[in-house]
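Here is what each chain is made of, one letter per residue.
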Amino acid sequence: MADVPVSSHGGGIAAAQRWLRRRTSRAADWRPERLVAAKGDTRVSVILPARNEEPTVGPIVATIRRELVERLPLVDEVLVVDSHSTDRTGAVAAEAGARVVHQDAVFPELPPLPGKGDAMWKGLAATRGDIVVFVDADLRDFGPHFVTGLLGPLLTDPTVSFVKGAYERPLCLDGRVEKGAGGRVTELVARPLINMFWPELAGFVQPLAGEYAGRREVLELVPFVAHYGVELGLLVDLLELVGLDAMAQVDLGYRVHKHQPVPMLGRMAAQIMHTAWSRLERQRRLVATAPPSPALLQFLVEDGAAPVRVCDVRLRERPCLASLRVAARRARGRRAPTADRIGH
Ligand SMILES: O=c1ccn([C@@H]2O[C@H](COP(=O)(O)OP(=O)(O)O[C@H]3O[C@H](CO)[C@@H](O)[C@H](O)[C@H]3O)[C@@H](O)[C@H]2O)c(=O)[nH]1
Ligand SMILES: O=C(O)[C@H](O)COP(=O)(O)O
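What this report covers is the structure whose coordinates are included nearby.

Rules behind the numbers
- Residues numbered from 1 in each chain as written.
- Chains lettered and ligands numbered in written order.
- Predicted model: local features only at pLDDT ≥ 70, side-chain atom pairs only at ≥ 80, totals over all residues.
- Heavy atoms only, no water.
- Buried < 20%, exposed > 50% of the residue type's maximum accessible area, 1.4 Å probe, protein only.
- Helix = DSSP H or I, 4+ residues; strand = E, 2+ residues; numbered from the N terminus.
- Axes fitted to C-alpha atoms, helices over the stretch in contact; angles between N-to-C directions.
- Parallel < 35°, antiparallel > 145°, perpendicular 65-115°, else oblique.
- Left-handed = near helix turned anticlockwise from the far one by under 90°.
- Contact = heavy atoms within 4.5 Å.
- Nonpolar A, V, L, I, M, F, W, Y, C, P; charged D, E, K, R; others polar.
- Near = heavy atom within 4 Å.
- Polar contact = N/O pair within 3.5 Å; in protein donor to acceptor, adjacent residues only side chain to side chain.
- Areas by Shrake-Rupley, 256 points an atom, 1.4 Å probe, with all protein chains shown as cover.
- Core = buried A, V, L, I, M, F, W, Y, C linked by side-chain atoms within 4.5 Å.

Looking now at helix H5 (residues 116-126). The buried fraction of H5 amounts to ten of the eleven residues, a majority that puts the element mostly inside the structure. Among the residues of H5, those classed as buried are Lys116, Gly117, Asp118, Ala119, Met120, Trp121, Lys122, Gly123, Leu124 and Ala125.

Structural data, given as structure tokens:
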């Protein structure tokens with residue numbers, strides 16, 4: 001494929017390249033002892049959304065507790081949000097020392113929603129940290145540098161609001177390891193979409209990485225897409241809210257995780273496309289005559305047959321937590337005017 005001449009790159013790509021040089025660091029740049037000194041009174045919460053991650057959630061939680069709670073006082077709370085698991089994820093996480101909440105037990109008055117983004121939003125609501133770190137619960141090679149790397153820019157630079165993990169992603173299938181071949185939805189869907197519509201974000205090496213951290217005051221001001229669109233939604237919304245220079249990325253090295261089957265990746269891709277559509281509409285860059293179809297018809301080859309399945313991939317999202325808290329306070333004020341108002 002021919003290179004595009006530099007002069008015809010939009011300003012967005014040029015901004016992304018400048019940002020890449022200025023705002024990218026490596027996990028090894030952030031010595032944990034230096035971070036403990038920089039932390040002061042800042043409280044740090046680590047949240048793991050987890051659905052059926054019995055084999056990996058325990059070692060991840062145990063490592064965080066041993067290295068970053070007991071050996072070094074860097075992390076103040078570790079929360080696992082059990083996202084409708086049907087295995088022993090919750091029990092294993094609790095045995096390893098995490099606080100565990102069930103996704104639907106947070107804001108039980110709201111209609112339940114499935115999905116990773118919803119689990120993260122519930123985790124944000126159920127924790128107190130000034131800085132919140134999200135880590136996927138299916139990592140096979142987890143080390144404390146995943147957390148310390150993400151905390152580095154946030155604990156040492158008040159102008160940074162959000163930090164995303166970057167890494168090399170092998171594809172490990174059937175005992176074979178293919179270097180750089182992982183992240184199929186990233187490469188085939190998310191990266192092209194980002195370059196087309198939000199080129200300033202093109203410097204994020206792993207825009208769909210599930211490992212990232214942010215300041216609560218900022219994370220509570222953006223909505224969370226309930227499904228796998230959550231990563232793209234957050235990047236686009238945070239770009240609008242805080243600007244590119246308040247975002248950073250940290251190279252965390254190498255990441256091995258549980259690969260999902262292709263039909264599942266198809267659904268993930270569709271959810272990401274719906275998220276992109278919603279942001280383009282919200283930013284008034286798309287005037288649609290009709291909404292996109294919420295259905296994805298898939299052909300699943302099972303036992304030699306090819307059953308057809310229709311999946312609902314429409315966008316569902318949770319509002320920004322800050323607005324929900326204001327609404328809840330108002331409602332409480334209406335119900336119990338005297339006690340509530342005197343106390344606050
Ligand atoms: O309904 C769900 C689905 C997943 N998860 C958890 O979310 C994490 C990531 O999910 P996974 O299914 O392993 O996603 P990947 O196939 O690894 O997808 C990548 O791309 C997704 C789309 O952006 C991101 O959400 C992921 O973090 C990123 O790792 C894991 O801890 C899951 O257990 C939930 O908590 N609830
Ligand atoms: O981030 C992605 O692109 C998806 O999670 C798929 O990742 P995989 O190709 O490494 O399974």
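With that settled, the discussion passes to the packing of helix H9 (residues 230-242) against helix H10 (residues 262-282). Angle between the axes and distance between the axes are the two parameters that describe a pair of packed helices. It is at 9 Å that the axes of H9 and H10 come closest, and there the two elements cross at 25°. In terms of their interaxial angle, H9 and H10 are classed as roughly parallel. In this structure, the crossing between H9 and H10 has a hand that is right-handed. Contacts between H9 and H10 involve Leu232, Gly233, Val236 and Asp237 on the former and, on the latter, Ile272, Thr275, Ala276 and Arg279. Among the residues making up the contact of H9 with H10, the classes are represented as four nonpolar, two polar and two charged.

So, on to the environment of Cys172. For Cys172, the location among the structural elements is in strand E7 (residues 171-173). Separated by 158 residues in the primary sequence, Cys172 and Ala14 place their C-alpha atoms 34 Å from one another. The contact partners of Cys172, leaving out residues within four places of it in the chain, are Val177, Val256 and His259.

What follows is about the site of ligand 1. Near ligand 1 there are 18 residues, and of these Glu53, Lys116, Tyr228, Glu231 and Gln260 occur at the shortest range. Within the side chain of Tyr228, one N or O atom sits 2.6 Å away from an oxygen atom of ligand 1. In isolation ligand 1 exposes 670 Å². Once the protein is present, 96% of that is buried.

The next subject is the nonpolar core. Ranked by internal contacts, the top residues of the largest apolar core, which has 45 residues, are Phe134, Val185, Leu201, Phe224, Leu234, Met247 and Ile272. Elements that contribute at least two residues to this core include exactly strand E3 (77-82), H5, strand E5 (131-134), helix H7 (184-197), helix H8 (216-219), strand E10 (224-225), H9 and H10. For this core, the leading source of residues is H9, giving seven residues. For Ile272, the contacting residues outside a window of four places in its chain are Val185, Val189, Leu193, Leu208, Tyr228, Gly229 and Leu232. Within the second largest apolar cluster, 39 residues are counted, among which are Val57, Ala137, Leu154 and Tyr167.

So far we have only geometry, and geometry alone does not tell us how the molecule works.
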